[in-house]
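# Understanding the architecture of this molecule
Okay, here's what each chain looks like letter by letter:
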Amino acid sequence: MASASLRAYLEAYAAGQVDRETMLATVAAWPLEERDFDPAHTLPDHQDNTAEVISGAALLDQITDEDYREIFRRRKAR
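Cut-offs used in this document
- Residues numbered from 1 in each chain as written.
- Predicted model: local features only at pLDDT ≥ 70, side-chain atom pairs only at ≥ 80, totals over all residues.
- Heavy atoms only, no water.
- Helix = DSSP H or I, 4+ residues; strand = E, 2+ residues; numbered from the N terminus.
- Rg over C-alpha atoms; globule rule 2.2 N^0.38 Å.
- Buried < 20%, exposed > 50% of the residue type's maximum accessible area, 1.4 Å probe, protein only.
- Contact = heavy atoms within 4.5 Å.
- Areas by Shrake-Rupley, 256 points an atom, 1.4 Å probe, with all protein chains shown as cover.
- Lys, Arg positive; Asp, Glu negative; His and termini not counted.
- Charge placed at Lys NZ, Arg CZ, Asp CG, Glu CD.
- Axes fitted to C-alpha atoms, helices over the stretch in contact; angles between N-to-C directions.
- Parallel < 35°, antiparallel > 145°, perpendicular 65-115°, else oblique.
- Left-handed = near helix turned anticlockwise from the far one by under 90°.
- Nonpolar A, V, L, I, M, F, W, Y, C, P; charged D, E, K, R; others polar.

A few words on the overall build of the chain. Counting its regular elements, the chain contains four helices and zero strands. Going residue by residue from the N terminus, the α and β elements of the chain occur as α-α-α-α. Here the C-alpha atoms of the chain give a radius of gyration of 13 Å, agreeing with the 12 Å that 2.2 N^0.38 yields for 78 residues. With respect to the principal axes defined by its C-alpha atoms, the chain has extents near 40 × 30 × 30 Å. Burial analysis of the chain (78 residues in total) assigns 31% to the buried set. Look at the contacts in the chain between residues 6 or more apart in sequence, and 56% of them connect residues 24 or more apart. Of the roughly 5,400 Å² that the chain leaves accessible, carbon and sulfur atoms contribute 54%. In the chain, the 9 positive side-chain charges and the 15 negative ones have mean positions that sit 7 Å from each other.

For the rest of this paragraph, the subject is the packing of helix 1 (residues 6-14) against helix 3 (residues 51-59). The axes of two packed helices give the description: the angle between them and the distance between them. Where helix 1 contacts helix 3, the axes come no closer than 10 Å and their chain directions differ by 25°. Our classification of the angle between helix 1 and helix 3 gives roughly parallel. Judged by the sense of rotation from one axis to the other, the crossing of helix 1 with helix 3 is right-handed. Contact residues: Leu6, Arg7 and Leu10 in helix 1; Val53, Ile54 and Ala57 in helix 3. Of the residues contributing to the contact of helix 1 with helix 3, the split by class is five nonpolar, no polar and one charged.

Turning our eyes to something else, we now look at unusual backbone geometry. Phi at Asp61 is positive, roughly 60°, even though this residue is not glycine. Exposure remark for Asp61: the relative accessible area of 67% places this residue in the exposed category.

Right, let's get into the packing of helix 3 against helix 4 (residues 65-77). Between helix 3 and helix 4, whose axes approach to 9 Å, the crossing angle comes to 155°. Relative to helix 4, helix 3 is oriented roughly antiparallel. Considering the relative orientation of helix 3 and helix 4, their crossing is right-handed. From helix 3, Ala51, Ile54, Ser55 and Ala58 reach across to helix 4, where they touch Tyr68, Ile71 and Phe72. Residue composition of the contact of helix 3 with helix 4, grouped by class: six nonpolar, one polar and no charged.

So this is what it looks like as structure tokens:
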């Protein structure tokens, strides 16, 4: 069974389908995976459930800088 897509969840939030508090709580608790790194693979690997996806959402303005900081503050507090 495939795991849920963090990227798709953040896109749903950006589209207004998820409220902010729910998004913060959900993403802060999301089981992030380690990023696979293959030096021979120079293109983005498109992994869905890594911290890089959260950073990318901030760069794409799907979440605010404040959202980004709050997500990682809550992750650290867990």
